Structures are given as C-alpha cells and as structure tokens.
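One letter stands for each residue in the lines below.
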Amino acid sequence: MILLFIIIFYMLAIRVGTYGIFKKLGVEPWKAFVPVLCSMEWQKIIQKPKWWTWMLFIPGVNLFYVASQLTDMSTAFKRYSFWEHFAAVIFAFVYIPWLGFSQKEKFHAPGGYKGKEKPPVRS
C-alpha cells in the first residue's frame, strides 16, 4: 500500500513538473497529464525521434530511455554536471517541478547550446 502511494506521488510530481515545463515552452500544459501525448511532446522538445515514445513500453529498456530523457531535459536547461544529471534521474519528482516552476531556470536549447555556441566542456 505504501509502495503504491510512493509510485503515485512520484509519477504525479513528475507530471506536475512537466506541466510547468510545457507552460514555459508554449506547449499546451494539459498534455503533461496524457501519458503517450506527454512523451511525444517531450521528445519534440529534446529533439529525439518519435519512436522513442514506443521504447518506453518495453520493460527494462524503458529505464534507460527515461533516464536519457531526464538528462536531456536537464541539459536543455544548461545543467551539465554529473550531479545535476544524477538529481534529474534519481530525484525527478523534485527536480522536474523545480525546472518547470523556477523563475530562474530558463530553457536554452536541446543539447544545451544554440547554433554557433561551443558545446559545453564535460569531464
């Protein structure tokens, strides 16, 4: 029972955060609460192919795709460090709402850099 509550809270918190991100980016925010549609919009934002959405239905494989989506969104907000990506994956229920509703956090670009900007240096 407690595990079910934790899972529901975790998923709801991520959806609420996604609502904030969608609102920031001009995507209709209600789409954050429609499971497949939310994922398809997320793929557009981070510029990944649409078929990634369907990979989320394969048990085991979906864990890697979700982690990649979360780190790509973090990077799009110019968050490059290992610890920021770690937080995006492990503490997504806090991190995604923070990105979505923080006035300070601005979406920069998929991949974290635009046009002629140099890619970030990574360790």
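Per chain, residues are indexed from 1 in the order of the written sequence. Since the coordinates come from a predicted model, pLDDT governs what is reported: local features require at least 70, and pairs of side-chain atoms require 80 or more to be given and counted, while whole-chain, interface and lining totals use all residues. Think of the side-chain values as coming from all heavy atoms in the structure, minus any hydrogens and water.

As for helix 6 (residues 92-101)
For helix 6, the set of buried residues is Ala92, Tyr95, Ile96, Pro97, Leu99 and Gly100. Residue contacts are counted whenever heavy atoms from the two residues lie within 4.5 Å of one another. Secondary structure elements are defined from DSSP: runs of H or I of at least 4 residues count as helices, runs of E of at least 2 residues count as strands, and each element is numbered from the N terminus. At its buried positions, helix 6 is contacted by helix 1 (2-25), helix 2 (35-45), helix 4 (61-76) and helix 5 (82-90). For every residue, the accessible area obtained with a 1.4 Å probe (protein chains only) is divided by the maximum for its type, and the residue is called buried under 20%, exposed over 50%, and partly exposed between those limits.

Overview of the pattern of salt bridges
Whenever Lys or Arg places a side-chain nitrogen within 4 Å of a carboxyl oxygen from Asp or Glu, that contact is recorded as a salt bridge. For the structure shown, the criterion picks out 5 salt bridges. Notably, a salt bridge pairs glutamate 41 with lysine 31, separated by 3.3 Å at the nearest N-O pair. Taken together, the residues glutamate 41 in helix 2 and lysine 31 in the loop between helix 1 and helix 2 connect sequence positions 10 residues apart. In this structure glutamate 41 comes out as buried when scored by relative accessible area, which is 8%. When the shortest N-O distance is used, the salt bridge between lysine 48 and aspartate 72 registers 3.5 Å.

Brief notes about the packing of helix 4 against helix 5
As a rule, the C-alpha atoms of each element are fitted with a line to give its axis, helices using only the stretch in contact, and angles between N-to-C directions run from 0 to 180 degrees. Interaxial distance between helix 4 and helix 5 falls to 9 Å at its minimum, and their mutual angle equals 130°. Between helix 4 and helix 5, the angle is such that the two are oblique. The way helix 4 lies across helix 5 gives a crossing that is right-handed. Contact residues: Ala67, Leu70, Thr71, Ser74 and Thr75 in helix 4; Glu84, His85, Ala88 and Val89 in helix 5. Oblique is the label for every angle not falling under 35 degrees (roughly parallel), over 145 degrees (roughly antiparallel), or within 65 to 115 degrees (roughly perpendicular). Here is the rule for handedness: rotate from the far helix to the near one, and if that takes an anticlockwise turn smaller than a right angle the crossing is left-handed, while a clockwise turn gives right-handed.

Some details on the side chain of threonine 53
Along the chain, threonine 53 falls in helix 3 (residues 51-55). Given the relative accessible area of 2%, threonine 53 is considered buried. Polar contacts involving the side chain of threonine 53 include one to the side chain of serine 39, which spans 3.4 Å. Once you skip the residues sitting within four places of it in the chain, threonine 53 turns out to touch Val36, Ser39, Met40 and Gln43. Nitrogen and oxygen atoms within 3.5 Å of one another constitute a polar contact, given that in protein one can donate a hydrogen and the other can accept it, and given that sequence-neighbouring residues count only through two side-chain atoms.

Topic: the nonpolar core
Residues belong to a common nonpolar core when they are buried Ala, Val, Leu, Ile, Met, Phe, Trp, Tyr or Cys residues joined through side-chain atoms within 4.5 Å. The biggest cluster of nonpolar side chains holds 18 residues, and the ones touching the most others in it are Met73 and Ile96. Looking at this core, the elements that each hand over two or more residues are helix 1, helix 2, helix 4, helix 5 and helix 6. Ranked by residue count, the leading element in this core is helix 6, at 4 residues. Beyond its immediate sequence surroundings of up to four residues, methionine 73 is in contact with Ile21, Trp42, Ile45, Ile46 and Phe107.

Examining the layout of surface pockets
Both cavities and pockets are sets of points on a 1 Å grid over the protein atoms alone; in a cavity a 1.4 Å probe fits but cannot get out, in a pocket the set is open with protein on both sides within 12 Å along at least five of seven lines, and lining residues sit with an atom within 4 Å of a point. Grid points are joined across faces, edges and corners, and a volume is the space filled by probe spheres set on the points. Empty space within the largest pocket amounts to approximately 580 Å³. The wall of the largest pocket is formed by 21 residues, among which Met11, Arg15, Leu56, Val66 and Gln69 lie closest to the centre. When residues of the lining of the largest pocket are traced back to their parent elements, those giving at least two are helix 1, helix 2 and helix 4. Among the elements that make up the lining of the largest pocket, the one with the highest residue count is helix 4 (6 residues). Its residues assigned to classes, the lining of the largest pocket comprises 15 nonpolar, 5 polar and 1 charged. Three classes are used: nonpolar for Ala, Val, Leu, Ile, Met, Phe, Trp, Tyr, Cys and Pro, charged for Asp, Glu, Lys and Arg, and polar for all others, with Gly counted as polar.

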